[in-house]
Amino acid sequence: MSDPNSTPDPNAAANEQEQPSEAQSADFGAEQLKAIIGALQDDLAKANEELAKAKTETLRLVADMDNLRKRTDREKIETAKFAISKFALDIIDVADNFERAMAAVPAGAAEADPALATLVEGVGMIDGQLKGVLERHGVKRIWPEGEMFNPHLHQPMMQHERSDVPQGTILQVFQAGYVIEERVIRPAVVVTAKGGPKGGKPDAGN
């Protein structure tokens, strides 16, 4: 029993009021835990977002590097393919001179002169060897007589009136043309027909 004559301690009452109950402590701990979890979730979301951005940038960089490698490879192939163009033109001039030399021999003269026949045969063999070397290195000769004129492959020198063939037919080739792959390094110099029926599409080949 309490002593009725005792005086209440005001500090004790204040201490009882200041100390939270167990329920209040639990609520405070739960709220604090929720705040921590929320902060961790925010940090994780930001980390995932930054990771996704880094992954996208990495994939873009890899794609750019792959495109650069492919472009470089194509340029190397193109450079190697057409590096011989100037040299090929010099060889073509030599081949032209062999053709002119053989064309300069009068008809029947070689048959009448065995020495001349031997010379013409030797020149023809060398001319054939030169053309074979060019072919092996991808330099293709164009001799489009009888074909339709193609401005991408042929250079017109003159036109002749011909009503018996389609307009644009190549009647004569003054000088052979040459291509490397699809690139023309020298167009064929030709004579074309005019005045005849309308021609078809130009030949894509030689």
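Preceding this section is the structure that the text describes.
These figures come from a predicted structure and were not determined experimentally. (Residues numbered from 1 in each chain as written. Predicted model: local features only at pLDDT ≥ 70, side-chain atom pairs only at ≥ 80, totals over all residues. Heavy atoms only, no water.)

Help me understand the pairing of strand β6 (residues 188–194) in this model?
Successive side chains on a regular strand alternate, one facing one side of the sheet and the next facing the other. Burial analysis of β6 places six of its seven residues in the buried class, which makes it a mostly covered element. Two strands pair when backbone bridges link them, and strand β2 (residues 154–161) and β6 are joined in this way by seven bridges, in the parallel orientation. The residue of β6 that forms the bridge with Gln159 is Thr192. Here four bridges tie strand β3 (residues 170–175) to β6, and the two strands are oriented antiparallel to one another. From the neighbouring strand, Gln172 faces β6, where its bridge partner is Val191. (Buried < 20%, exposed > 50% of the residue type's maximum accessible area, 1.4 Å probe, protein only. Helix = DSSP H or I, 4+ residues; strand = E, 2+ residues; numbered from the N terminus. Pairing = 2+ DSSP bridges.)

How do you make sense of the packing of helix α3 (residues 85–103) against helix α5 (residues 114–136) when you look at a structure like this?
Between two packed helices, what matters for the description is the angle formed by their axes and the separation of those axes. Packing of α3 against α5 leaves a shortest axis separation of 9 Å and a crossing angle of 155°. Between α3 and α5, the interaxial angle falls into the category roughly antiparallel. α3 and α5 meet at a crossing whose hand is left-handed. Contacts between α3 and α5 involve Ala88, Ile91, Ile92, Val94, Ala95, Phe98, Glu99 and Met102 from the first element and Val120, Val123, Gly124, Ile126, Asp127, Leu130, Lys131 and Leu134 from the second. (Axes fitted to C-alpha atoms, helices over the stretch in contact; angles between N-to-C directions. Parallel < 35°, antiparallel > 145°, perpendicular 65-115°, else oblique. Left-handed = near helix turned anticlockwise from the far one by under 90°. Contact = heavy atoms within 4.5 Å.)

I keep staring at the nonpolar core and nothing clicks. Help me out?
Core analysis: the biggest nonpolar cluster contains 12 residues, these being Phe82, Ala88, Ile91, Ile92, Ala95, Leu130, Leu134, Val139, Ala176, Tyr178, Ile180 and Ile185. Mapped onto this core, the elements with two or more residues apiece are α3, α5 and β4 (177–180). In terms of residue count, α3 provides more of this core than any other element does, four residues in total. With sequence-adjacent residues up to four places away left out, Ala176 is seen in contact with Arg141, Ile142, Trp143, Arg186, Pro187 and Ala188. By size, the runner-up hydrophobic cluster in this structure holds seven residues, among which are Ile142, Leu153, Ile170 and Ala188. (Core = buried A, V, L, I, M, F, W, Y, C linked by side-chain atoms within 4.5 Å.)

Please clarify how α5 should be interpreted in this entry.
Counting along an α-helix, one turn takes 3.6 residues, and residues three or four places apart therefore face a common direction. Taking 1.5 Å as the rise per residue, α5 with 23 residues should run 33 Å; its terminal C-alpha atoms sit 33 Å apart, in good agreement. Among the residues of α5, Val123, Asp127, Leu130, Lys131 and Leu134 are the ones counted as buried. In this fold, the buried residues of α5 make contact with α3, β1 (139–142) and β4. Among the residues of α5, the N-terminal cap falls to Asp113, whose side-chain oxygen and the backbone nitrogen of Ala115 are separated by 3.1 Å. Remark: Gly138 follows α5 within two positions and exhibits a positive phi of approximately 85°. (Expected span 1.5 Å × (residues − 1). Polar contact = N/O pair within 3.5 Å; in protein donor to acceptor, adjacent residues only side chain to side chain.)

Is there a simple way to think about the sheet that holds strand β5 (residues 183–186) in this case?
Two orientations exist for strands paired in a sheet by backbone hydrogen bonds: parallel and antiparallel. The sheet built from three strands is open, its strands ordered β1-β4-β5 with antiparallel pairing. In this open sheet, the two edge strands, each paired with only one partner strand, are β1 and β5. Pairs of neighbouring strands in the sheet enclose a mean axial angle of 35°, with direction left out of account. Of the pairings in the sheet, the one linking β1 to β4 comprises four bridges and is antiparallel in character. If you follow Val139 over to β4, its bridge partner there is Ile180. Together, β1 and β4 form the strand contacts of α5, whose direction differs from that of β1 by roughly 125°.

Even after reading the chapter, I still don't get unusual backbone geometry, so can you show me in this structure?
Keep in mind that most residues, glycine aside, have a negative phi and that most peptide bonds are trans. Despite not being glycine, Glu181 has its phi angle at roughly 60°, a positive value. Residue placement: Glu181 occurs in the loop between β4 and β5. Residue Glu181 is classed as partly exposed on the basis of its relative accessible area, which comes to 45%.

Is there a simple way to explain the environment of Val189 in this structure?
Residue placement: Val189 occurs in strand β6. With 16 residues separating them along the chain, Val189 and Val173 place their C-alpha atoms 6.0 Å apart. What Val189 contacts, discounting residues up to four positions off in sequence, is Gln155, Met157, Gln172, Val173, Phe174 and Gln175.

So yeah, pure geometry; function would need other evidence.
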